[in-house]
Amino acid sequence: MRSVEEHQRVVAELITAPPGIRAGLADAQGLALADDVTAPLSLPVFDNSAMDGYAVRAEDIASAAPEHPVKLPVAEDIPAGRTDTLTLAPGTAHRIMTGAPVPQGATAVVPVENTDAGTETVAIYAAVREGRHIRRAGEDVTAGTTVLRAGQVVTPAAMGLAAALGLPELPVIPRQRVLVISTGSELVSPGTPLRPGQIYESNAVMLAAALRDAGAAVVATPTAGDDVAQFVAVLDRYAAAADLIITSGGVSAGAYEVVKDAFGRAGDQGVQFVKVAMQPGMPQGIGRVAGTPIVTLPGNPVSALVSFEVFIRPALRRAMGLPEPERPRRSAVLTETLTSPSGKRQFRRGVLDTTAGTVTGYGPPGSHHLRWLASANCLLDIPEEVTEIPAGSQVEVWDLSAP
Ligand code: AMP
Ligand code: MG
């Protein structure tokens with residue numbers, strides 16, 4: 001049997017980073033920058049008013065006070081967006097709005113609150129310092145400087161900065177596009193009445209959500225019955241658009257193991273089926289189909305999602321250059337005694353109480369107990385050789401609640 005670490009390494013080698021691309025801002029959200037970003041222009045782009053008020057020469061109103069206001073004629077009205085170049089004549093004021101270009105010759109802006117808000121002439125009740133309420137060109141960003149670094153994740157603020165700099169695209173490490181194929185003749189889509197022997201398909205929606213959560217994109221989530229021709233037809237239809245294919249089901253030791261059969265029969269040496277010393281999730285497969293990486297997960301829902309957590313999520317995040325590819329590991333005190341099979345690394349569902357520093361195993365270990373996983377917030381990581389952990393022991397957990 002292969003160790004968890006060994007299979008993690010093989011999966012990580014399979015899922016590799018493609019070269020950087022230029023993506024539109026909305027598409028770049030959440031991705032890592034492939035290159036530094038240099039500002040093509042300065043911000044603010046031009047000297048502009050920080051207040052609604054009046055552009056003046058500070059010396060013209062130096063004597064202004066509430067009891068003896070300075071009155072100036074209002075020569076221009078400058079809303080934001082005015083594009084002609086204006087000059088302020090000495091002894092006059094221009095009414096100006098926040099974000100509007102400050103006219104040449106003006107040295108300060110008087111807030112409207114310190115005036116009578118006049119439109120023909122304005123009475124100004126307070127003096128202002130030179131430079132007051134003017135945002136200077138370049139005081140935020142100087143053209144030519146590096147404003148974002150390679151490796152940084154594109155956040156809403158980074159997108160806003162790029163847009164403010166007039167950049168419609170950013171250089172990013174592309175999102176991995178993943179095809180999720182569920183297999184099983186017993187599976188029907190939620191919404192259809194169940195016939196005897198049928199169950200609702202649940203891995204596709206779950207794995208697709210886990211993929212998006214990991215930062216990847218989902219190409220499609222088709223289901224194939226346990227029929228090689230049908231499975232291959234689904235692969236052929238969608239695989240070209242994918243950087244990675246994930247299947248669930250059809251890889252264990254029984255008959256009608258469609259994923260195993262498909263690659264076996266085609267004589268495809270590209271996919272290798274292995275047993276990994278873990279519970280849940282022992283039967284695993286990995287390789288390439290027509291050049292595209294494929295990871296085949298077992299069908300039991302808990303096995304499928306735990307396998308995703310252990311092998312695929314960290315590899316995908318690493319390939320996308322995203323921070324914290326691994327779930328954060330925490331140490332907590334176990335509240336009850338747990339047993340674990342010898343020779344297998346066990347991932348038990350648990351509830352971690354970070355305030356108390358404790359963890360409680362949650363639900364039975366069986367890989368069909370999806371209900372417990374749905375309300376767990378961590379995985380207890382129990383080493384291969386351990387068969388019993390007494391209550392009160394320190395155990396390592398993977399914190400699923402943190403990104
Ligand atoms: P398999 O790995 O195909 O032998 O499936 C193992 C168990 O998981 C069986 O009980 C299947 O019915 C169940 N299973 C497989 N795929 C799915 C799926 N996509 N949704 C829900 N249950 C599944
Ligand atoms: Mg099956």
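Residues numbered from 1 in each chain as written. Chains lettered and ligands numbered in written order. Predicted model: local features only at pLDDT ≥ 70, side-chain atom pairs only at ≥ 80, totals over all residues. Heavy atoms only, no water.

### Concerning helix H5 (residues 228–238)
(1) Moving on: Every buried residue belonging to H5 is among Val-228, Phe-231, Val-234 and Leu-235, and all of these are buried. For H5, the arc enclosing every buried residue in end-on projection is 130 degrees, short of the 170-degree limit, so these residues lie on one face. Set apart from the buried face of H5 by more than 90 degrees, the exposed residues are Ala-229, Asp-236 and Arg-237. (Buried < 20%, exposed > 50% of the residue type's maximum accessible area, 1.4 Å probe, protein only. Helix = DSSP H or I, 4+ residues; strand = E, 2+ residues; numbered from the N terminus. Arc of directions from axis to C-beta.)

### A short note on the packing of helix H4 (residues 203–213) against helix H7 (residues 301–319)
(1) Moving on: Between H4 and H7, the least distance of the axes is 10 Å, while the angle of their chain directions is 25 degrees. With respect to H7, the axis of H4 lies roughly parallel. Judged by the twist between their axes, the crossing of H4 over H7 is right-handed. Contacts between H4 and H7 involve Asn-203, Met-206, Leu-207, Ala-210, Leu-211 and Asp-213 from the first element and Pro-301, Ala-304, Leu-305, Phe-308, Arg-313, Leu-316 and Arg-317 from the second. (Axes fitted to C-alpha atoms, helices over the stretch in contact; angles between N-to-C directions. Parallel < 35°, antiparallel > 145°, perpendicular 65-115°, else oblique. Left-handed = near helix turned anticlockwise from the far one by under 90°. Contact = heavy atoms within 4.5 Å.)

### Some details on the pairing of strand S7 (residues 108–111)
(1) Moving on: The alternating pattern of S7 places Ala-108 and Val-110 and Val-109 and Pro-111 on opposite faces, both of which are buried.
(2) Moving on: As paired elements, strand S4 (residues 53–56) and S7 share 4 bridges and run antiparallel to each other. Bridge pairing in S7 links Gly-53 to Pro-111. (Pairing = 2+ DSSP bridges.)

### Here's the deal with the site of ligand 1
(1) Moving on: Neighbouring ligand 1 are 15 residues, the closest being Glu-186, Glu-201, Ser-202, Gly-250 and Gly-299.
(2) Moving on: Between ligand 1 and Glu-186, the relevant distance is 2.5 Å, taken from an oxygen atom to a side-chain nitrogen or oxygen of the residue.
(3) Moving on: Isolated, ligand 1 exposes 480 Å² of accessible area, and the fraction of that covered by the protein chains is 77%.
(4) Moving on: Grouping the amino acids of the shell around ligand 1 by side-chain chemistry returns 3 nonpolar, 10 polar and 2 charged. (Near = heavy atom within 4 Å. Polar contact = N/O pair within 3.5 Å; in protein donor to acceptor, adjacent residues only side chain to side chain. Areas by Shrake-Rupley, 256 points an atom, 1.4 Å probe, with all protein chains shown as cover. Nonpolar A, V, L, I, M, F, W, Y, C, P; charged D, E, K, R; others polar.)

### Regarding the pattern of salt bridges
(1) Moving on: For the structure on display, the rule yields 18 salt bridges.
(2) Moving on: Between Asp-36 and Arg-149 there is a salt bridge, with its nearest N and O atoms 3.4 Å apart. Residue Asp-36 is found in the loop between helix H2 (25–28) and strand S2 (37–38), and its partner Arg-149 is found in the loop between strand S10 (146–148) and helix H3 (156–164); the two are separated by 113 residues along the sequence.
(3) Moving on: Note that Asp-243 is salt-bridged to Arg-177, the shortest N-O span being 2.8 Å. Highlighted residues: Asp-243 in the loop between H5 and strand S17 (244–248) and Arg-177 in strand S12 (residues 177–183), separated in sequence by 66 residues.
(4) Moving on: The structure contains a network of salt bridges with shared partners spanning Glu-5, Arg-345 and Asp-381. (Salt bridge = Lys/Arg side-chain N within 4 Å of Asp/Glu carboxyl O.)

### Comments concerning the packing of aromatic side chains
(1) Moving on: Using the criterion set out here, one finds 3 aromatic pairs in the structure.
(2) Moving on: Residues Phe-231 and Phe-263 carry aromatic rings whose centres are separated by 6.0 Å and whose planes lie at 80 degrees to one another, so their mutual orientation is edge-to-face. One end of the pair, Phe-231, is in helix H5; the other, Phe-263, is in helix H6 (residues 258–265), with 32 residues separating them in the sequence. For the pair Phe-231 and Phe-263, one class covers both residues: buried.
(3) Moving on: Here Phe-347 and Trp-398 contribute two aromatic rings whose centre-to-centre distance is 5.2 Å and whose plane-to-plane angle is 70 degrees, an arrangement assigned as edge-to-face. A residue pair is termed long-range when its members are at least 10 positions apart, and Phe-347 in strand S24 (residues 345–353) and Trp-398 in strand S28 (residues 394–399) qualify at 51 residues. Like Trp-398, Phe-347 is buried.
(4) Moving on: Against the face of Trp-398 rests Arg-329, its NZ or CZ located 3.9 Å from the ring centre. (Phe/Tyr/Trp six-rings, centres within 6.5 Å; stacked < 30°, edge-to-face > 60°. Lys NZ or Arg CZ within 6 Å of the ring centre and 35° of its normal.)

### What about the sheet that holds strand S6 (residues 93–96)?
(1) Moving on: One open sheet holds the 5 strands; their spatial order is S7-S4-S6-S5-S8, and the pairing between them is mixed. Of all the strands in the sheet, the pair left with one neighbour each is S7 and strand S8 (121–124). Along the sheet, successive strands turn relative to each other by an average axial angle of 40 degrees, direction set aside.
(2) Moving on: For strand S5 (residues 70–78) and S8, the ladder comprises 4 bridges, and the chain directions are antiparallel. Each residue of the ladder has a partner; that of Pro-73, found in S8, is Thr-121.

### A word on the environment of Gly-151
(1) Moving on: Looking at the element boundaries, Gly-151 is found in the loop between S10 and H3.
(2) Moving on: Once the C-alpha coordinates of Gly-151 and Asp-35 are considered, the two residues, 116 residues apart in sequence, prove to be 7.4 Å apart.
(3) Moving on: Gly-151 has contacts with Ala-32, Leu-33 and Gly-321, leaving out every residue within four places of it along the chain.

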